[in-house]
Amino acid sequence: MTCENQLCIYWEDGACILREVHLDTQGSCMECILVELTEEFLEEKRRELLDKICRQEAAWRESRVDGAGPSGL
């Protein structure tokens with residue numbers, strides 16, 4: 001069965017590994033067990049992503065100053 005919940009322990013390669021699942025009245029899987037993410041892990045990943053975005057933005061701004069960016073903007 002196809003599954004989009006990558007945080008479920010039963011998710012593997014876009015599908016549920018269980019043979020049978022039950023859905024509640026809203027269509028959510030009743031067997032779903034979410035992977036527990038610690039606050040420390042989330043904080044680290046947030047910081048990494050923010051740093052990456054800041055570096056990309058700085059590089060973009062630098063390319064605009066150097067004239068390498070698209071004209072007319």
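Every value quoted in this text rests on a predicted model; they were computed, and no experiment measured them. (Residues numbered from 1 in each chain as written. Predicted model: local features only at pLDDT ≥ 70, side-chain atom pairs only at ≥ 80, totals over all residues. Heavy atoms only, no water.)

> Please set out the pattern of salt bridges residue by residue, giving values where relevant.
Counted according to the given criterion, the structure contains four salt bridges. Salt-bridge contacts for Glu57 lead to Arg61; the nearest nitrogen and oxygen are separated by 3.1 Å. Residue Glu57 and its partner Arg61 are located together in helix α1 (residues 39-65), separated by four residues, close to a single helical turn. Residue class for Arg61 comes out partly exposed when judged on its relative accessible area of 48%. (Salt bridge = Lys/Arg side-chain N within 4 Å of Asp/Glu carboxyl O. Helix = DSSP H or I, 4+ residues; strand = E, 2+ residues; numbered from the N terminus. Buried < 20%, exposed > 50% of the residue type's maximum accessible area, 1.4 Å probe, protein only.)

> Account for the environment of Cys29, with residues named and values stated.
Topologically, Cys29 is positioned in the loop between β2 (15-16) and α1. For Cys29, the residues in contact, after removing those within four places along its chain, are Val21, His22 and Leu23. (Contact = heavy atoms within 4.5 Å.)

> Report on the confidence of the model for the protein chain, specifying residues and quantitative values.
Overall, the prediction assigns the protein chain a mean pLDDT of 91, with 90% of residues at 70 or greater. Summarising per-element confidence for the protein chain, the mean pLDDT is lowest in α1 (95) and highest in strand β1 (residues 11-12) (98). (pLDDT = per-residue confidence, 0-100.)

> Before we move on, can you summarise a nonpolar patch on the surface with the specific residues and values?
A contiguous nonpolar patch, built from Leu7, Ile9, Ile33, Leu34, Val35, Leu37 and Phe41 and spanning about 590 Å² of accessible area, is present on the exposed surface. Looking at the element boundaries, Leu37 is found in the loop between β2 and α1. By relative accessible area, Leu37 is classed as partly exposed at 35%. (Patch = residues over 30% accessible without salt bridge, like charges linked within 9 Å, V, L, I, M, F, W, Y side chains within 5 Å. Areas by Shrake-Rupley, 256 points an atom, 1.4 Å probe, with all protein chains shown as cover.)

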